[in-house]
Amino acid sequence: MSVAPGHDTVSVAPGKDAASVAPGKDAVSVAPGKDTAGGARSVPPGADAERFDAVVIGAGAGGLTVAFGLARIGKRVALVEGGAIGGDCTNVGCIPSKTLLDLAARLRASGLEPGGAAWATAAADALAEVRRRRDALRAHETAQLDREPNLTLLRGRARLTADGHVEVDATDGGSRRLRSPRVVLATGARALRIDLPGLPPELVWTNHEVFEAGAPPAHLAVLGGGPIGVEMATAFARLGSRVTLVEALPRLLAGSEPEASAVVEAALRRLGVDVRVGVRAVGFEAERSRLLLAPTEPDGGADDEPVTGVDRVLMALGRRPAVDGLTDAPGGLEALGIRVGRQGIVTDAAHRTRRRGVYAIGDVGERAKFTHAANAQGRRLVRHLTLPWLPLVREGDYPAVTFAEPEVAQIGPPLAALRRAVHPDAIVSHRVDLADLDRGLTSGLREGFVLLHARRLSGRLLSATVVGPHAGEIVQLLAWAQRRRVSLWQLSRHVVAYPTLSEGIKRAADAFVFATLPALPRELAAYLRTRWRRPPADAPTTVAAGGAR
C-alpha cells in the first residue's frame, strides 16, 4: 500500500508497503522518457562525462526516496531506470497484490454463485481493475519525476566502470557517461525460478506474470509457503480457483511464530486450499497436467501425492538481489571492491559499500527486504549524505505483515530466533487471545492473538506478533515500542480506545506486570544471572502454546 511522504530532515518521495515483497528491478530497457519544461528530462547521448551531485540506479521505493530527497534540497541528481517507474512494489508486488486481495474478498462476499458466468465475468473484471489501479499509480509516480527541476531521468541500463564512471546504455540508442562522488545502487531483487522437468514455460508464473492474467486459472499450484505464496493462494482461492499450496518446510510462514503458521494454515484450508507441507515439486507431466511431489525429508510422512489438473504454476520461492549487469568489469562488483554476500551487497551502518562513494539500499542490500525498509534506508542515506557529521541512529528491526486471512504482523524475530540471540531464561512471553477481548466478542472472533516477548524484570519489548483482523495496523504501536526500546511497564500504562483489538497489547503488558510485581526478588536474581550470559548452544526453540510463558 502507498505510504505518504514523510517529513524528516529532508522531503522524500512516497514509499510503498509490501508483506511478502519489496522493490526490485533488472536494468532492462523500456520506453524512453520525454523532455519536460522544468522537470525530469531525458538527456541526448554525448561523449563527455556529465557531472552530477548523485547518481541513483533504480527507481523503486529506495531509489525514488534518495533521488527526490537530494533533488529537493538542491542537489543535481541523475536517476537511471531501465524498467517501469516504481519498481516491483508498484508494478508487480505490493500494490497489485493488495489490490487483488481486497477485490477478491469483495467478490467472495458479493453473493454471486462461484463458477457461474456472472462470477467469471466479475473475477476477470477484478484482475483488470488490479492493472488499472497499478497503471494509474505508476503514471502518478512518473509524473512526479517530471516536476523535479533538479532531477534528470535517464531511461536505460546502468553499469559501474573501473574508472569510477557510470555508463548508461540509453533505451533510445546511444550511451551516456556520468560522473558523481555519490552513486547509490537501488536495483532491488528478482524472483527465483527453478527448473522442473517437463513443466512448459508458458505455464509458469512469478509475481511478474501473475497480475497479467485475464482470468483466474482453474487450478493454480503455488510453490512456496512464504508471504507471497500465502497471499496469492488466498487471493486466487477467493477468486474461485482451485489452489494447491506446496511448501518444502514443515510449516507455512517459517519466519513467523509457529502459532501464527497454524492459524494461517487452518484459514487457508477453510478457503478450500490444499496445503501440502514438507514436500517439494520435482517434475511435471504435461500430458496429464500433473505436478509431481517428493518428501523434503527422506523419512517421508508428508502428502506427496501428485497434484492433478494443474494449469498454472506460480513460483513464490523467494527473491535474489539484482546485481547482475551492474558492471562489465572482469570479476564483477567484487573486482571493484564491492562485496556481495549471499543476501546481497554488503554495506556498513551508513549504507556504504567498500568502494568509496558507492552506496546500496533496499533489496539489493543484505539487511532489509521490505519496501518500507528501502524507503527508511533511503531516508537514512539522504540524512547522512546531507549531514554526515550527525551520528546515525540504530537501524533496528522492521515490521512485517503478511496479508493472509487473518493478517500476520510482527516486529523483531520469532521466539526460536530470539533464543539464539538472548539467553532463554532472560525472556518472558505473554499471549492474549483476541477472542477474550470485548471487541473480539462483539466481532465474533474465534482466532487470533497478541504475543509479546520481553526481557524479564526490565520488560523491554524484544519482539511481538499480532494475528487477526487489521493486524498490520495494530502492530504499528508495537513496532514503535520495540524500536524505541520501550518496556511493558510503560505499555501497561498506555490508554487505548475501548473497545478495540489494540486492547490486547495492553492486556499482555498487564499480564507481565502482574506476573513480575509479586516476584520482584526472584525476577531480579534471574535478571542478574542471565543479563550478560550468552545463550547456550542447545537453547530450546519451541514453547508450549497459549497463556503466559
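The structure contained in this document is the topic of the report that follows.

Parameters at a glance
- Residues numbered from 1 in each chain as written.
- Predicted model: local features only at pLDDT ≥ 70, side-chain atom pairs only at ≥ 80, totals over all residues.
- Heavy atoms only, no water.
- Buried < 20%, exposed > 50% of the residue type's maximum accessible area, 1.4 Å probe, protein only.
- Helix = DSSP H or I, 4+ residues; strand = E, 2+ residues; numbered from the N terminus.
- Pairing = 2+ DSSP bridges.
- Right-handed = clockwise from strand over helix to strand, strands pointing away.
- Axes fitted to C-alpha atoms, helices over the stretch in contact; angles between N-to-C directions.
- Parallel < 35°, antiparallel > 145°, perpendicular 65-115°, else oblique.
- Left-handed = near helix turned anticlockwise from the far one by under 90°.
- Contact = heavy atoms within 4.5 Å.
- Nonpolar A, V, L, I, M, F, W, Y, C, P; charged D, E, K, R; others polar.
- Salt bridge = Lys/Arg side-chain N within 4 Å of Asp/Glu carboxyl O.

Quick look at the pairing of strand 13 (residues 242-247)
Then comes step 1: The element strand 13 is largely enclosed, with a buried count of 5 among its 6 residues.
Then comes step 2: Where strand 12 (residues 219-223) lies against strand 13, 5 bridges are found, and the strand directions are parallel. Note that in strand 13 the partner of Leu 220 across the bridge is Val 243.
Then comes step 3: Once you follow strand 12 into helix 5 (residues 227-239) and on to strand 13, the crossover reads as right-handed.
Then comes step 4: Examined bridge by bridge, strand 13 and strand 14 (residues 274-277) share 4 bridges and lie parallel to one another. Counterpart to Thr 244 in the pairing with strand 14 is Asp 274.

A word on the pairing of strand 21 (residues 407-411)
Then comes step 1: Counting buried residues in strand 21 gives 5 out of 5 residues, a clear majority hidden from the surface.
Then comes step 2: Alternating residues of strand 21 divide into Glu 407, Ala 409 and Ile 411 and Val 408 and Gln 410, and every residue in both groups is buried.
Then comes step 3: The antiparallel pairing of strand 20 (residues 400-402) with strand 21 creates a hairpin that spans 4 residues between the two strands.
Then comes step 4: Of the pairings in the sheet, the one linking strand 21 to strand 24 (residues 461-468) comprises 5 bridges and is antiparallel in character.

Digging into the packing of helix 1 (residues 61-71) against helix 8 (residues 371-386)
Then comes step 1: Two numbers describe how helix 1 lies on helix 8: the axes approach to 7 Å, and their chain directions differ by 30°. In terms of axis orientation, helix 1 runs roughly parallel to helix 8. Here helix 1 and helix 8 pass one another in a crossing that is right-handed. Taken together, the residues of helix 8 that come into contact with helix 1 (itself represented by Ala 61, Gly 62, Thr 65, Val 66, Gly 69 and Leu 70) are Thr 371, Ala 374, Asn 375, Gly 378, Arg 379, Leu 381, Val 382, Leu 385 and Thr 386.
Then comes step 2: Among the residues making up the contact of helix 1 with helix 8, the classes are represented as 7 nonpolar, 7 polar and 1 charged.

Description of the pattern of salt bridges
Then comes step 1: Tallied over the entire structure, the rule returns 31 salt bridges.
Then comes step 2: Residues Glu 50 and Arg 76 are paired through a salt bridge, measuring 2.4 Å at the closest nitrogen-oxygen approach. You can see Glu 50 sitting in strand 3 (residues 49-51) and its partner Arg 76 sitting in the loop between helix 1 and strand 5 (77-81), a full 26 residues away along the chain.
Then comes step 3: The salt bridge partner of Glu 148 is Arg 72, with a shortest N-O separation of 3.0 Å. Of this pair, Glu 148 sits in the loop between helix 4 (117-146) and strand 6 (151-160) while Arg 72 is found in the loop between helix 1 and strand 5, placing the two residues 76 residues apart along the sequence.
Then comes step 4: For Glu 148, a relative accessible area of 10% gives the class buried.
Then comes step 5: Where salt bridges share partners, they join Arg 159, Asp 163, Glu 167, Asp 169, Arg 177 and Asp 328 into one cluster.

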